[in-house]
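# Commentary on secondary and tertiary structure
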Amino acid sequence: MSAIIVVGAQWGDEGKGKVTDLIGQDVDYVVKFNGGNNAGHTVVVDGKKYALHLLPAGIINPKATPVIGNGVVIDLDVLFQEIDQMEAEGIDTSRLRISSNAHIIPSYNKIMDKLSERSLGDRLIGTTGRGIGPTYADKMNRIGIRIQDLFDESILRQKVKSALEQKNFTMEKEFGLDPVDVDQVADSLLQYADRVKPMVFDCSLEVNKALDAGKNVLFEAGQATMLDIDHGTYPFVTSSSPTAGGACTGSGVGPTRIDRVVGIAKAYVTRVGEGPFPTELLDQTGEDLRQAGGEFGVTTGRPRRCGWYDAVVARYAARVNGLTDIVLTKLDVLTGYKQIPVCVAYDVDGKRVDEMPADQTSFHHAKPIYEELPGWEEDITGCRRFEELPVNAQAYVRRLEELSGCRISVVGVGAGREASIERTALL
Ligand code: GDP
Ligand code: IMO
Ligand code: MG
(Lines give C-alpha, C1' and ligand atoms only; values in the text may rest on other atoms or scores of the structure.)
(Ligands and ions follow the chains in the order given, each with its own letter.)
Protein backbone atom coordinates (compact mmCIF):
# COMPACT_ATOMS: atom_id res chain seq x y z
CA MET A 1 0.00 0.00 0.00
CA SER A 2 1.22 3.43 -0.81
CA ALA A 3 -0.41 6.85 -0.66
CA ILE A 4 1.50 9.48 -2.56
CA ILE A 5 0.68 13.15 -3.02
CA VAL A 6 1.88 15.03 -6.11
CA VAL A 7 2.02 18.82 -5.73
CA GLY A 8 3.39 21.75 -7.69
CA ALA A 9 6.45 23.25 -5.98
CA GLN A 10 6.41 26.61 -7.81
CA TRP A 11 3.63 28.65 -9.51
CA GLY A 12 2.02 25.87 -11.55
CA ASP A 13 2.65 24.17 -14.89
CA GLU A 14 5.66 22.31 -13.52
CA GLY A 15 4.68 19.09 -15.29
CA LYS A 16 2.36 17.55 -12.68
CA GLY A 17 0.32 15.93 -15.45
CA LYS A 18 3.33 14.15 -16.88
CA VAL A 19 4.45 12.93 -13.47
CA THR A 20 0.97 11.77 -12.46
CA ASP A 21 0.83 9.83 -15.69
CA LEU A 22 4.31 8.42 -15.10
CA ILE A 23 3.70 7.20 -11.53
CA GLY A 24 0.08 6.53 -12.37
CA GLN A 25 1.06 3.45 -14.35
CA ASP A 26 1.39 1.60 -11.05
CA VAL A 27 -1.50 3.05 -9.04
CA ASP A 28 -5.08 1.94 -8.49
CA TYR A 29 -6.68 5.34 -7.77
CA VAL A 30 -5.79 8.85 -8.94
CA VAL A 31 -7.60 11.44 -6.81
CA LYS A 32 -7.75 15.08 -7.89
CA PHE A 33 -8.25 17.02 -4.67
CA ASN A 34 -8.37 20.77 -5.43
CA GLY A 35 -9.03 23.36 -8.09
CA GLY A 36 -11.09 22.85 -11.21
CA ASN A 37 -10.77 23.66 -14.87
CA ASN A 38 -8.36 26.47 -14.11
CA ALA A 39 -5.75 23.68 -14.33
CA GLY A 40 -4.21 22.62 -17.61
CA HIS A 41 -2.15 19.46 -17.75
CA THR A 42 -0.45 18.15 -20.85
CA VAL A 43 0.35 14.46 -20.98
CA VAL A 44 2.28 13.00 -23.90
CA VAL A 45 2.03 9.24 -24.45
CA ASP A 46 3.64 7.58 -27.48
CA GLY A 47 3.89 10.98 -29.16
CA LYS A 48 0.17 11.71 -28.69
CA LYS A 49 -0.70 14.80 -26.68
CA TYR A 50 -3.64 14.94 -24.28
CA ALA A 51 -4.77 18.24 -22.71
CA LEU A 52 -6.68 17.84 -19.45
CA HIS A 53 -8.32 20.49 -17.31
CA LEU A 54 -10.95 19.14 -14.96
CA LEU A 55 -10.42 15.41 -15.31
CA PRO A 56 -7.57 13.91 -13.31
CA ALA A 57 -4.53 13.28 -15.51
CA GLY A 58 -4.72 9.69 -14.23
CA ILE A 59 -7.70 9.09 -16.54
CA ILE A 60 -5.28 8.17 -19.32
CA ASN A 61 -4.13 5.12 -17.36
CA PRO A 62 -6.56 2.31 -18.22
CA LYS A 63 -5.94 0.54 -14.90
CA ALA A 64 -6.51 3.33 -12.39
CA THR A 65 -9.82 4.63 -11.11
CA PRO A 66 -9.85 8.42 -11.63
CA VAL A 67 -11.53 10.34 -8.81
CA ILE A 68 -12.71 13.94 -8.51
CA GLY A 69 -12.54 14.59 -4.77
CA ASN A 70 -14.69 16.81 -2.58
CA GLY A 71 -12.09 19.61 -2.69
CA VAL A 72 -12.57 20.14 -6.43
CA VAL A 73 -15.00 22.63 -8.00
CA ILE A 74 -16.83 21.32 -11.07
CA ASP A 75 -18.12 23.12 -14.14
CA LEU A 76 -20.60 20.53 -15.42
CA ASP A 77 -20.50 21.81 -19.01
CA VAL A 78 -16.73 21.39 -19.00
CA LEU A 79 -16.90 18.00 -17.28
CA PHE A 80 -19.02 16.48 -20.02
CA GLN A 81 -17.21 18.27 -22.85
CA GLU A 82 -13.96 16.82 -21.55
CA ILE A 83 -15.43 13.35 -21.07
CA ASP A 84 -16.79 13.40 -24.63
CA GLN A 85 -13.47 14.62 -25.98
CA MET A 86 -11.50 11.93 -24.15
CA GLU A 87 -13.91 9.24 -25.36
CA ALA A 88 -13.49 10.54 -28.94
CA GLU A 89 -9.73 10.14 -28.47
CA GLY A 90 -10.18 6.53 -27.39
CA ILE A 91 -9.81 7.04 -23.62
CA ASP A 92 -12.28 5.05 -21.50
CA THR A 93 -13.82 7.42 -18.93
CA SER A 94 -16.35 4.99 -17.49
CA ARG A 95 -14.36 4.45 -14.28
CA LEU A 96 -14.59 8.14 -13.30
CA ARG A 97 -15.92 8.73 -9.77
CA ILE A 98 -17.06 12.08 -8.38
CA SER A 99 -17.47 13.00 -4.73
CA SER A 100 -21.06 13.89 -3.79
CA ASN A 101 -19.59 16.72 -1.69
CA ALA A 102 -17.73 18.44 -4.53
CA HIS A 103 -19.01 21.92 -5.32
CA ILE A 104 -20.43 22.99 -8.67
CA ILE A 105 -19.36 26.13 -10.55
CA PRO A 106 -22.70 27.71 -11.55
CA SER A 107 -22.67 29.93 -14.63
CA TYR A 108 -23.17 33.08 -12.53
CA ASN A 109 -19.80 32.56 -10.85
CA LYS A 110 -18.00 32.84 -14.16
CA ILE A 111 -19.65 36.25 -14.54
CA MET A 112 -18.72 37.13 -10.94
CA ASP A 113 -15.08 36.13 -11.59
CA LYS A 114 -14.86 38.58 -14.50
CA LEU A 115 -16.66 41.35 -12.61
CA SER A 116 -14.34 40.94 -9.65
CA GLU A 117 -11.30 41.26 -11.91
CA ARG A 118 -12.85 44.30 -13.58
CA SER A 119 -13.45 46.03 -10.27
CA LEU A 120 -9.88 45.37 -9.13
CA GLY A 121 -8.64 47.43 -12.09
CA ASP A 122 -4.84 47.40 -12.29
CA ARG A 123 -4.68 45.36 -9.07
CA LEU A 124 -6.31 42.44 -10.86
CA ILE A 125 -5.21 38.85 -10.13
CA GLY A 126 -5.16 37.66 -13.75
CA THR A 127 -7.47 34.73 -13.00
CA THR A 128 -8.37 32.12 -15.57
CA GLY A 129 -11.95 33.46 -15.56
CA ARG A 130 -13.40 30.02 -14.86
CA GLY A 131 -15.40 31.03 -11.78
CA ILE A 132 -12.99 29.36 -9.36
CA GLY A 133 -12.62 32.14 -6.76
CA PRO A 134 -16.35 32.96 -6.44
CA THR A 135 -17.22 29.25 -6.15
CA TYR A 136 -14.76 28.63 -3.30
CA ALA A 137 -15.99 31.88 -1.71
CA ASP A 138 -19.57 30.54 -1.88
CA LYS A 139 -18.38 27.28 -0.32
CA MET A 140 -16.85 29.13 2.63
CA ASN A 141 -19.83 31.47 2.77
CA ARG A 142 -22.08 28.39 2.91
CA ILE A 143 -24.13 29.34 -0.13
CA GLY A 144 -22.46 26.85 -2.50
CA ILE A 145 -24.16 24.26 -4.68
CA ARG A 146 -22.88 20.69 -4.35
CA ILE A 147 -23.05 17.71 -6.68
CA GLN A 148 -25.51 15.96 -4.33
CA ASP A 149 -27.93 18.90 -4.69
CA LEU A 150 -28.56 17.82 -8.29
CA PHE A 151 -30.57 14.90 -6.92
CA ASP A 152 -33.00 16.97 -4.86
CA GLU A 153 -34.66 19.44 -7.19
CA SER A 154 -36.44 21.55 -4.58
CA ILE A 155 -33.26 21.93 -2.50
CA LEU A 156 -31.30 22.84 -5.63
CA ARG A 157 -33.78 25.56 -6.61
CA GLN A 158 -33.76 26.96 -3.07
CA LYS A 159 -29.99 27.06 -2.95
CA VAL A 160 -29.66 28.70 -6.35
CA LYS A 161 -32.26 31.26 -5.26
CA SER A 162 -30.39 32.14 -2.04
CA ALA A 163 -27.07 32.46 -3.85
CA LEU A 164 -28.60 34.61 -6.58
CA GLU A 165 -30.16 37.01 -4.09
CA GLN A 166 -26.60 38.13 -3.27
CA LYS A 167 -25.15 37.85 -6.77
CA ASN A 168 -27.99 39.63 -8.52
CA PHE A 169 -27.71 42.50 -6.07
CA THR A 170 -24.08 42.98 -7.11
CA MET A 171 -24.74 42.48 -10.79
CA GLU A 172 -27.69 44.89 -10.95
CA LYS A 173 -26.71 47.57 -8.44
CA GLU A 174 -22.96 47.65 -8.92
CA PHE A 175 -22.56 46.76 -12.57
CA GLY A 176 -25.98 47.61 -14.09
CA LEU A 177 -26.37 44.10 -15.52
CA ASP A 178 -29.61 42.14 -15.96
CA PRO A 179 -30.33 39.77 -13.07
CA VAL A 180 -29.69 36.07 -13.61
CA ASP A 181 -32.83 33.93 -13.62
CA VAL A 182 -33.05 31.29 -10.86
CA ASP A 183 -34.93 28.70 -12.91
CA GLN A 184 -32.68 29.08 -15.91
CA VAL A 185 -29.63 28.30 -13.77
CA ALA A 186 -31.34 25.44 -11.92
CA ASP A 187 -32.62 23.89 -15.18
CA SER A 188 -29.21 24.10 -16.82
CA LEU A 189 -27.70 22.22 -13.85
CA LEU A 190 -30.51 19.67 -13.59
CA GLN A 191 -30.06 18.62 -17.23
CA TYR A 192 -26.88 16.81 -16.07
CA ALA A 193 -28.39 15.04 -13.05
CA ASP A 194 -29.11 11.69 -14.74
CA ARG A 195 -25.78 11.56 -16.55
CA VAL A 196 -23.71 12.41 -13.50
CA LYS A 197 -25.59 10.21 -11.01
CA PRO A 198 -23.87 6.86 -11.74
CA MET A 199 -20.47 8.49 -11.17
CA VAL A 200 -21.28 9.99 -7.78
CA PHE A 201 -19.89 8.23 -4.70
CA ASP A 202 -18.55 8.63 -1.20
CA CYS A 203 -14.97 9.59 -1.97
CA SER A 204 -13.63 9.37 1.57
CA LEU A 205 -15.16 5.94 2.19
CA GLU A 206 -13.98 4.35 -1.04
CA VAL A 207 -10.45 5.77 -1.05
CA ASN A 208 -9.92 4.77 2.60
CA LYS A 209 -11.22 1.28 1.82
CA ALA A 210 -8.82 1.08 -1.09
CA LEU A 211 -5.93 1.99 1.22
CA ASP A 212 -7.15 -0.63 3.74
CA ALA A 213 -7.08 -3.20 0.94
CA GLY A 214 -3.43 -2.38 0.19
CA LYS A 215 -4.05 -0.43 -3.03
CA ASN A 216 -1.83 2.39 -4.29
CA VAL A 217 -3.45 5.83 -4.31
CA LEU A 218 -2.05 8.95 -5.93
CA PHE A 219 -3.41 12.37 -4.92
CA GLU A 220 -3.05 14.83 -7.80
CA ALA A 221 -2.89 18.59 -7.19
CA GLY A 222 -3.91 21.32 -9.57
CA GLN A 223 -2.04 24.66 -9.30
CA ALA A 224 0.87 24.86 -6.88
CA THR A 225 2.41 25.86 -3.54
CA MET A 226 2.96 29.51 -4.44
CA LEU A 227 -0.67 29.76 -5.61
CA ASP A 228 -2.04 28.27 -2.36
CA ILE A 229 -4.70 30.39 -0.66
CA ASP A 230 -2.82 30.18 2.68
CA HIS A 231 0.82 29.70 1.72
CA GLY A 232 1.06 31.41 -1.67
CA THR A 233 1.66 34.99 -2.73
CA TYR A 234 -1.72 36.20 -1.46
CA PRO A 235 -3.78 37.82 -2.97
CA PHE A 236 -2.12 36.68 -6.22
CA VAL A 237 -3.16 33.08 -5.67
CA THR A 238 -5.92 30.68 -6.55
CA SER A 239 -8.71 30.06 -4.02
CA SER A 240 -8.00 26.45 -3.04
CA SER A 241 -5.36 24.49 -1.09
CA PRO A 242 -2.97 22.93 -3.61
CA THR A 243 -0.41 22.07 -0.90
CA ALA A 244 -0.14 18.60 0.65
CA GLY A 245 -2.61 19.30 3.47
CA GLY A 246 -5.23 20.00 0.81
CA ALA A 247 -4.97 16.39 -0.36
CA CYS A 248 -6.37 15.28 3.00
CA THR A 249 -9.18 17.82 3.32
CA GLY A 250 -9.92 17.56 -0.39
CA SER A 251 -10.48 13.81 -0.32
CA GLY A 252 -11.38 12.79 3.23
CA VAL A 253 -8.20 10.83 3.89
CA GLY A 254 -6.26 11.40 7.11
CA PRO A 255 -2.64 12.63 7.13
CA THR A 256 -1.42 9.48 8.93
CA ARG A 257 -2.18 7.49 5.77
CA ILE A 258 0.18 9.44 3.52
CA ASP A 259 3.55 7.84 2.69
CA ARG A 260 5.19 10.21 0.22
CA VAL A 261 4.81 13.82 -0.89
CA VAL A 262 6.36 14.56 -4.25
CA GLY A 263 6.92 18.15 -5.35
CA ILE A 264 7.23 18.89 -9.04
CA ALA A 265 9.63 21.71 -9.93
CA LYS A 266 10.84 22.94 -13.29
CA ALA A 267 14.58 23.37 -13.75
CA TYR A 268 13.63 27.06 -14.10
CA VAL A 269 10.43 28.86 -13.05
CA THR A 270 7.29 30.09 -14.78
CA ARG A 271 4.24 31.98 -13.65
CA VAL A 272 0.92 32.88 -15.34
CA GLY A 273 -1.14 35.86 -14.18
CA GLU A 274 -0.13 38.72 -11.94
CA GLY A 275 1.92 38.80 -8.74
CA PRO A 276 5.51 38.92 -7.51
CA PHE A 277 8.15 36.71 -9.15
CA PRO A 278 11.71 37.57 -8.01
CA THR A 279 13.67 35.68 -10.69
CA GLU A 280 11.49 36.80 -13.60
CA LEU A 281 13.44 37.62 -16.79
CA LEU A 282 11.87 40.50 -18.63
CA ASP A 283 14.54 40.53 -21.36
CA GLN A 284 15.41 38.41 -24.39
CA THR A 285 16.67 35.58 -22.13
CA GLY A 286 13.14 35.26 -20.73
CA GLU A 287 11.74 35.22 -24.26
CA ASP A 288 14.28 32.55 -25.25
CA LEU A 289 13.25 30.36 -22.29
CA ARG A 290 9.58 30.82 -23.21
CA GLN A 291 10.22 29.69 -26.77
CA ALA A 292 12.56 26.83 -25.83
CA GLY A 293 10.17 25.55 -23.15
CA GLY A 294 6.97 26.15 -25.14
CA GLU A 295 5.76 28.23 -22.20
CA PHE A 296 2.24 29.13 -23.27
CA GLY A 297 -0.72 28.24 -21.03
CA VAL A 298 -2.72 25.08 -21.79
CA THR A 299 -5.85 26.67 -20.33
CA THR A 300 -5.83 30.30 -21.47
CA GLY A 301 -3.03 30.30 -24.07
CA ARG A 302 -1.36 33.18 -22.21
CA PRO A 303 2.44 33.43 -22.51
CA ARG A 304 3.98 32.26 -19.23
CA ARG A 305 6.37 34.58 -17.42
CA CYS A 306 9.79 32.89 -17.22
CA GLY A 307 12.76 33.12 -14.85
CA TRP A 308 15.66 31.20 -13.31
CA TYR A 309 15.34 28.46 -10.71
CA ASP A 310 14.50 29.88 -7.31
CA ALA A 311 15.89 27.72 -4.50
CA VAL A 312 14.22 29.88 -1.85
CA VAL A 313 10.84 28.95 -3.34
CA ALA A 314 11.93 25.29 -3.55
CA ARG A 315 12.99 25.22 0.13
CA TYR A 316 9.71 26.83 1.08
CA ALA A 317 7.75 24.25 -0.93
CA ALA A 318 9.77 21.47 0.71
CA ARG A 319 8.84 22.89 4.11
CA VAL A 320 5.11 23.63 3.74
CA ASN A 321 4.42 20.37 1.92
CA GLY A 322 6.82 18.17 3.87
CA LEU A 323 8.26 17.00 0.55
CA THR A 324 9.95 13.61 0.50
CA ASP A 325 11.00 13.90 -3.15
CA ILE A 326 11.33 16.44 -5.93
CA VAL A 327 10.80 15.64 -9.59
CA LEU A 328 12.82 18.16 -11.58
CA THR A 329 11.25 18.64 -15.02
CA LYS A 330 12.40 20.31 -18.25
CA LEU A 331 16.13 20.05 -17.64
CA ASP A 332 16.43 19.63 -21.44
CA VAL A 333 15.15 23.20 -21.94
CA LEU A 334 18.32 24.58 -20.29
CA THR A 335 20.66 22.99 -22.83
CA GLY A 336 22.85 25.55 -24.61
CA TYR A 337 23.44 28.11 -21.88
CA LYS A 338 27.08 28.87 -20.99
CA GLN A 339 26.18 29.79 -17.43
CA ILE A 340 22.92 29.13 -15.61
CA PRO A 341 22.07 31.47 -12.72
CA VAL A 342 20.29 29.90 -9.74
CA CYS A 343 18.71 32.07 -7.05
CA VAL A 344 20.08 31.01 -3.65
CA ALA A 345 18.73 33.83 -1.46
CA TYR A 346 17.09 37.25 -1.73
CA ASP A 347 18.28 40.76 -1.13
CA VAL A 348 15.40 42.50 0.64
CA ASP A 349 16.04 46.22 1.00
CA GLY A 350 19.79 45.65 1.35
CA LYS A 351 19.57 42.65 3.69
CA ARG A 352 20.29 39.02 2.71
CA VAL A 353 17.31 36.76 3.34
CA ASP A 354 17.69 32.98 3.01
CA GLU A 355 14.12 31.88 3.63
CA MET A 356 10.81 32.96 2.14
CA PRO A 357 9.93 36.34 3.70
CA ALA A 358 6.94 36.01 5.99
CA ASP A 359 5.35 39.22 4.71
CA GLN A 360 4.29 40.07 1.19
CA THR A 361 5.84 43.54 1.13
CA SER A 362 9.30 42.04 1.65
CA PHE A 363 8.61 39.42 -1.02
CA HIS A 364 7.60 42.18 -3.45
CA HIS A 365 10.94 43.87 -2.72
CA ALA A 366 13.00 40.65 -2.96
CA LYS A 367 15.85 40.75 -5.49
CA PRO A 368 17.48 37.45 -6.38
CA ILE A 369 21.03 36.67 -5.25
CA TYR A 370 22.42 34.38 -7.93
CA GLU A 371 25.01 31.66 -8.02
CA GLU A 372 26.25 30.92 -11.56
CA LEU A 373 26.47 27.26 -12.54
CA PRO A 374 28.25 26.08 -15.70
CA GLY A 375 25.92 24.96 -18.51
CA TRP A 376 26.16 22.21 -21.12
CA GLU A 377 25.82 21.99 -24.92
CA GLU A 378 24.91 18.34 -25.47
CA ASP A 379 21.36 17.24 -26.36
CA ILE A 380 20.13 15.39 -23.26
CA THR A 381 16.69 14.35 -24.47
CA GLY A 382 17.85 10.78 -25.10
CA CYS A 383 19.46 10.29 -21.66
CA ARG A 384 17.74 7.69 -19.50
CA ARG A 385 20.31 7.22 -16.74
CA PHE A 386 21.73 9.97 -14.56
CA GLU A 387 25.31 9.06 -15.49
CA GLU A 388 24.47 9.65 -19.19
CA LEU A 389 23.89 13.35 -18.52
CA PRO A 390 26.82 15.73 -19.22
CA VAL A 391 28.80 16.30 -16.01
CA ASN A 392 27.66 19.91 -15.78
CA ALA A 393 24.01 18.84 -16.02
CA GLN A 394 24.61 16.29 -13.25
CA ALA A 395 26.28 18.99 -11.16
CA TYR A 396 23.36 21.36 -11.81
CA VAL A 397 20.88 18.76 -10.49
CA ARG A 398 23.07 17.97 -7.47
CA ARG A 399 23.46 21.65 -6.60
CA LEU A 400 19.70 22.22 -6.88
CA GLU A 401 19.19 19.23 -4.64
CA GLU A 402 21.51 20.71 -1.98
CA LEU A 403 19.91 24.13 -2.21
CA SER A 404 16.32 22.85 -2.21
CA GLY A 405 16.66 20.72 0.92
CA CYS A 406 15.04 17.67 -0.64
CA ARG A 407 16.33 14.84 -2.79
CA ILE A 408 15.66 15.05 -6.53
CA SER A 409 14.36 11.59 -7.36
CA VAL A 410 13.42 11.96 -11.01
CA VAL A 411 14.69 14.30 -13.74
CA GLY A 412 12.60 15.12 -16.82
CA VAL A 413 14.40 15.47 -20.15
CA GLY A 414 11.42 15.68 -22.51
CA ALA A 415 7.62 15.84 -22.60
CA GLY A 416 7.02 12.14 -23.26
CA ARG A 417 6.32 9.66 -20.48
CA GLU A 418 9.57 7.84 -21.33
CA ALA A 419 11.75 10.96 -21.20
CA SER A 420 12.53 10.62 -17.50
CA ILE A 421 15.59 9.68 -15.50
CA GLU A 422 14.78 7.85 -12.28
CA ARG A 423 17.35 8.22 -9.48
CA THR A 424 15.09 6.99 -6.66
CA ALA A 425 11.88 5.00 -7.23
CA LEU A 426 8.75 6.96 -6.29
CA LEU A 427 6.56 3.93 -5.56
P1 GDP B 1 1.05 20.90 -15.13
O2 GDP B 1 -0.03 21.92 -15.12
O3 GDP B 1 1.90 20.96 -13.90
O4 GDP B 1 0.54 19.51 -15.39
O5 GDP B 1 2.03 21.28 -16.33
P6 GDP B 1 1.59 21.70 -17.83
O7 GDP B 1 1.17 20.47 -18.55
O8 GDP B 1 0.67 22.85 -17.80
O9 GDP B 1 2.97 22.26 -18.38
C10 GDP B 1 4.13 21.48 -18.44
C11 GDP B 1 4.56 21.38 -19.90
O12 GDP B 1 5.87 20.84 -19.95
C13 GDP B 1 3.72 20.42 -20.73
O14 GDP B 1 3.68 20.91 -22.05
C15 GDP B 1 4.51 19.11 -20.67
O16 GDP B 1 4.26 18.27 -21.79
C17 GDP B 1 5.90 19.62 -20.67
N18 GDP B 1 6.89 18.80 -19.95
C19 GDP B 1 6.76 18.12 -18.78
N20 GDP B 1 7.95 17.59 -18.41
C21 GDP B 1 8.85 17.94 -19.35
C22 GDP B 1 10.25 17.74 -19.51
O23 GDP B 1 10.93 17.12 -18.68
N24 GDP B 1 10.85 18.29 -20.63
C25 GDP B 1 10.13 19.00 -21.56
N26 GDP B 1 10.77 19.51 -22.60
N27 GDP B 1 8.80 19.21 -21.43
C28 GDP B 1 8.17 18.70 -20.33
P1 IMO C 1 -1.95 24.01 -13.30
O2 IMO C 1 -2.72 22.96 -12.55
C3 IMO C 1 -0.61 28.16 -13.53
C4 IMO C 1 -3.25 31.15 -11.71
C5 IMO C 1 -3.96 32.14 -12.62
C6 IMO C 1 -4.05 33.34 -11.70
C7 IMO C 1 -4.31 32.72 -10.34
C8 IMO C 1 -5.78 32.70 -9.92
O9 IMO C 1 -2.00 23.86 -14.78
O10 IMO C 1 -0.57 24.15 -12.75
P11 IMO C 1 -7.88 31.28 -10.71
O12 IMO C 1 -8.56 31.18 -12.04
O13 IMO C 1 -7.41 29.98 -10.17
O14 IMO C 1 -8.70 32.05 -9.71
O15 IMO C 1 -6.58 32.20 -10.99
O16 IMO C 1 -3.82 31.38 -10.43
N17 IMO C 1 -3.49 29.73 -12.03
C18 IMO C 1 -2.56 28.94 -12.60
N19 IMO C 1 -1.31 29.21 -13.04
N20 IMO C 1 -1.09 26.89 -13.58
C21 IMO C 1 -2.33 26.61 -13.11
O22 IMO C 1 -2.79 25.36 -13.01
C23 IMO C 1 -3.14 27.66 -12.63
N24 IMO C 1 -4.40 27.72 -12.13
C25 IMO C 1 -4.58 28.99 -11.75
O26 IMO C 1 -3.19 32.41 -13.77
O27 IMO C 1 -2.79 33.99 -11.63
MG1 MG D 1 -0.71 23.49 -16.26
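Residues numbered from 1 in each chain as written. Chains lettered and ligands numbered in written order. Predicted model: local features only at pLDDT ≥ 70, side-chain atom pairs only at ≥ 80, totals over all residues. Heavy atoms only, no water.

## Comments concerning the coordination of the magnesium ion (ligand 3)
All of the protein donors around the magnesium ion (ligand 3) are Asp13 (OD) and Gly40 (O); their distances to the metal are 2.0 Å. Highlighted residues: Asp13 in the loop between β1 (2–8) and α1 (16–24) and Gly40 in the loop between β2 (29–32) and β3 (41–45), separated in sequence by 27 residues. Using a relative accessible area of 24% as the deciding quantity, one classes Asp13 as partly exposed. (Donors = N, O, S within 2.8 Å, 3.2 Å for Na, K, Ca; no water. Helix = DSSP H or I, 4+ residues; strand = E, 2+ residues; numbered from the N terminus. Buried < 20%, exposed > 50% of the residue type's maximum accessible area, 1.4 Å probe, protein only.)

## Describing the site of ligand 1
Taken together, 19 residues sit near ligand 1, with Lys16, Gly40, His41, Thr42 and Asp332 positioned nearest. A distance of 2.9 Å separates an oxygen atom of ligand 1 from a polar atom in the backbone of Gly15. Bound to the protein, ligand 1 loses 91% of the 580 Å² it would expose on its own. Listed by contribution, the elements that provide at least two residues to the shell around ligand 1 are α1 and β3. It is α1 that provides the largest number of residues to the shell around ligand 1, a total of 3 residues. The residues that make up the shell around ligand 1 include at least three from each of domain 1 (2–98 + 199–262) and domain 3 (266–422). (Near = heavy atom within 4 Å. Polar contact = N/O pair within 3.5 Å; in protein donor to acceptor, adjacent residues only side chain to side chain. Areas by Shrake-Rupley, 256 points an atom, 1.4 Å probe, with all protein chains shown as cover. Domains from an automatic or database assignment.)

## Some details on the sheet that holds β2
The sheet built from 10 strands is open, its strands ordered β9-β7-β5-β2-β10-β1-β11-β14-β18-β19 with mixed pairing. Either end of the sheet is taken by a strand with one partner, and the two such strands are β9 (200–201) and β19 (420–422). Judged from the 3 bridges that link them, strand β14 (residues 325–329) and strand β18 (residues 408–412) form a sheet pairing that is parallel. Looking at β18, one finds that Leu328 is bridged to Val411. (Pairing = 2+ DSSP bridges.)

## Some points on the packing of aromatic side chains
Summed over all chains, the structure comprises 6 aromatic pairs. On the basis of an interplanar angle of 10° and a centroid distance of 5.2 Å, the ring pair of Phe80 and Tyr192 is categorised as stacked. Of this pair, Phe80 sits in helix α2 (residues 76–88) while Tyr192 sits in the loop between α6 (182–190) and α7 (193–196), and the two are 112 residues apart along the sequence. Put simply, the rings of Trp11, Phe277, Tyr346 and Phe363 pair up and form one aromatic cluster. We note Lys48 situated over the ring of Tyr50; from NZ or CZ to the ring centre the distance is 5.1 Å. Over the ring of Phe386 we find Arg423, and its NZ or CZ is 4.2 Å from the ring centre. (Phe/Tyr/Trp six-rings, centres within 6.5 Å; stacked < 30°, edge-to-face > 60°. Lys NZ or Arg CZ within 6 Å of the ring centre and 35° of its normal.)

## A closer look at the site of ligand 2
As a structural note, the neighbourhood of ligand 2 is formed by 20 residues, with Asp13, Lys16, Thr128, Gln223 and Thr238 the closest of them. A distance of 3.1 Å is found between an oxygen atom of ligand 2 and a backbone nitrogen or oxygen belonging to Val272. When ligand 2 sits alone it has 550 Å² of accessible area, and the protein chains cover 97% of it. Its residues assigned to classes, the shell around ligand 2 comprises 6 nonpolar, 11 polar and 3 charged. (Nonpolar A, V, L, I, M, F, W, Y, C, P; charged D, E, K, R; others polar.)

## Here we look at α1
Counting buried residues in α1 gives 8 out of 9 residues, a clear majority hidden from the surface. Taken together, the buried positions of α1 are Lys16, Gly17, Lys18, Val19, Thr20, Asp21, Ile23 and Gly24.

## Notes on the domain arrangement of the protein
One frequently used descriptor of interface size is the decrease in accessible area upon assembly of the parts. Looking at the assigned domains, one finds that the protein contains domain 1 (2–98 + 199–262), domain 2 (103–196) and domain 3 (266–422). With centres defined by C-alpha atoms, the gap from domain 2 to domain 3 works out at 37 Å. Between domain 2 and domain 3, the contact holds 6 residues from the first and 5 residues from the second. For the pair domain 2 and domain 3, the two sides together bury roughly 380 Å², of which 49% comes from carbon and sulfur. When the area that domain 2 buries against domain 3 is broken down by residue, the three leading residues are Gly126, Thr128 and Arg130, summing to 67%. On inspection of domain 2 and its partner domain 3, the count reaches 0 salt bridges. Linking domain 2 with domain 3 are 3 residue pairs in polar contact (both at pLDDT 80 or more). For the side of domain 2 that touches domain 3, the residue count by class is 2 nonpolar, 3 polar and 1 charged. (Contact = heavy atoms within 4.5 Å. Buried area = accessible area lost by both parts, 1.4 Å probe. Salt bridge = Lys/Arg side-chain N within 4 Å of Asp/Glu carboxyl O.)

## A look at the UniProt feature "binding site: Mg(2+)" (unreviewed entry) in the protein
If you check UniProt for "binding site: Mg(2+)" (unreviewed entry), the listed places come out as Asp13 and Gly40 in our numbering. Look at the named residues: they lie 28 residues apart in sequence, but the longest C-alpha span between them is just 7.5 Å, so in the fold they bunch up. Filtering out sequence-adjacent residues up to four positions away, Asp13 remains in contact with Gly40, Lys266, Thr270, Val272 and Arg304. Setting aside anything within four residues of it in sequence, one finds Gly40 in contact with Asp13, Leu52, His53, Val298 and Thr299. (UniProt positions renumbered as here; feature names shortened; annotations may be inferred.)

## Re the pattern of salt bridges
Applying the stated criterion across every chain yields a total of 28 salt bridges. Residue Asp183 pairs with Arg157 through a salt bridge whose shortest N-O separation is 2.9 Å. Of this pair, Asp183 sits in helix α6 while Arg157 sits in helix α5 (residues 153–174), and the two are 26 residues apart along the sequence. Judged by its relative accessible area of 22%, Arg157 falls in the partly exposed class.

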